[in-house]
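Each chain, written out:
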Amino acid sequence: EKAVTVEIGICPFSGASPVQIIRRDFPTSNVAELESWLDALTATGGTPYDAPMTQARSYFLGANRAGYQQSLFFITDGTPEPLNSAFTAATNNADMINRTGSFSASNGNVVDIYGIGIDLANTQYLALLDNTPRDGIAVVNAANSNSLYNII
């Protein structure tokens with residue numbers, strides 16, 4: 001099996017301080033490292049939408065890889081807490097969401113943002129961040145272990 005090189009940033013969030021792991025020019029043969037890191041995570045606190053979006057912005061400004069497919073999967077099982085964090089995230093990242101400025105096609109730094117809810121009935125706040133309206137906001141069932149994999 002041939003390894004493919006990718007760039008990946010994972011930013012789990014709960015509470016005010018998201019953690020992250022970033023790997024650039026990362027061969028897919030090393031994916032076990034990411035799996036171990038994810039398996040060790042625990043959830044605490046609220047769901048501040050602005051914290052991970054700040055991390056994502058930094059990640060994609062650091063990438064700027066013309067010709068690469070850049071995707072952000074914003075996955076949450078909760079509405080924003082505090083509520084205003086969704087509006088802050090949308091305002092502070094309007095250029096990434098709207099594909100303008102540093103995130104424009106002319107700069108070769110377009111990011112497709114997909115909002116995905118896990119057992120989430122109210123997706124209106126995810127919709128503030130999603131810039132792929134053709135597919136809407138996906139909602140997956142936590143009881144189906146393959147549902148998130150199938151959506152992505």
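Scroll up a little and you will see the structure.
Keep in mind the model is a prediction, meaning the values are calculated, not measured.

Caption draft 1: Highlighting the side chain of aspartate 112. Mapping aspartate 112 onto the fold places it in strand β4 (residues 112-118). Residue classification places aspartate 112 among the buried residues on the basis of a relative accessible area of 17%. A polar atom in the side chain of aspartate 112 sits 2.6 Å from the side chain of arginine 99. In contact with aspartate 112, not counting residues within four places along its chain, are Gln69, Gln70, Ser71, Leu72, Arg99, Asn131 and Thr132.

Caption draft 2: Representation of the side chain of threonine 76 in the model. Within the secondary structure, threonine 76 sits in strand β3 (residues 71-76). Judged by its relative accessible area of 4%, threonine 76 is buried. In this structure the side chain of threonine 76 is engaged in a polar contact, spanning 3.0 Å, whose partner is the backbone nitrogen of glycine 78. In contact with threonine 76, other than residues within four places in its own chain, are Phe13, Thr47, Tyr49, Ile116, Gly117, Ile118, Leu120 and Leu126.

Caption draft 3: Spotlight on the packing of aromatic side chains. Scanning all chains against the criterion turns up 4 aromatic pairs. Each ring, one from phenylalanine 87 and one from tyrosine 125, has its centre 6.0 Å from the other, and the planes form 90°; the classification is edge-to-face. Of the two residues, phenylalanine 87 is situated in helix α3 (residues 84-92) and tyrosine 125 in helix α5 (residues 124-127); the sequence distance between them amounts to 38 residues. Exposure remark for phenylalanine 87: the relative accessible area of 44% places this residue in the partly exposed category. Here tyrosine 125 falls in the buried class, since its relative accessible area comes to 13%.

Caption draft 4: Fine view of the pairing of β3. Residues of β3 alternate between two faces, with Leu72, Phe74 and Thr76 buried on one and Ser71, Phe73 and Ile75 left unburied on the opposite face. Taken together, the 6 bridges between β3 and β4 define a ladder with parallel strand orientation. Pairing of phenylalanine 74 across the sheet is with glycine 115, part of β4.

Caption draft 5: Structural detail: the pattern of salt bridges. One pass over the full model with this rule turns up 2 salt bridges. Put simply, arginine 57 and aspartate 95 hold a salt bridge, and the shortest N to O gap is 2.6 Å. Here arginine 57, found in helix α2 (residues 50-63), pairs with aspartate 95, found in helix α4 (residues 94-98); they are 38 residues apart in sequence, far enough to count as distant. On the basis of relative accessibility, which here comes to 18%, the residue aspartate 95 falls in the buried class. Note that arginine 99 and aspartate 112 form a salt bridge whose closest N and O atoms lie 2.6 Å from each other. Of the two residues, arginine 99 is situated in the loop between α4 and β4 and aspartate 112 in strand β4; the sequence distance between them amounts to 13 residues.

Conventions we followed
Residues numbered from 1 in each chain as written. Predicted model: local features only at pLDDT ≥ 70, side-chain atom pairs only at ≥ 80, totals over all residues. Heavy atoms only, no water. Helix = DSSP H or I, 4+ residues; strand = E, 2+ residues; numbered from the N terminus. Buried < 20%, exposed > 50% of the residue type's maximum accessible area, 1.4 Å probe, protein only. Polar contact = N/O pair within 3.5 Å; in protein donor to acceptor, adjacent residues only side chain to side chain. Contact = heavy atoms within 4.5 Å. Phe/Tyr/Trp six-rings, centres within 6.5 Å; stacked < 30°, edge-to-face > 60°. Pairing = 2+ DSSP bridges. Salt bridge = Lys/Arg side-chain N within 4 Å of Asp/Glu carboxyl O.

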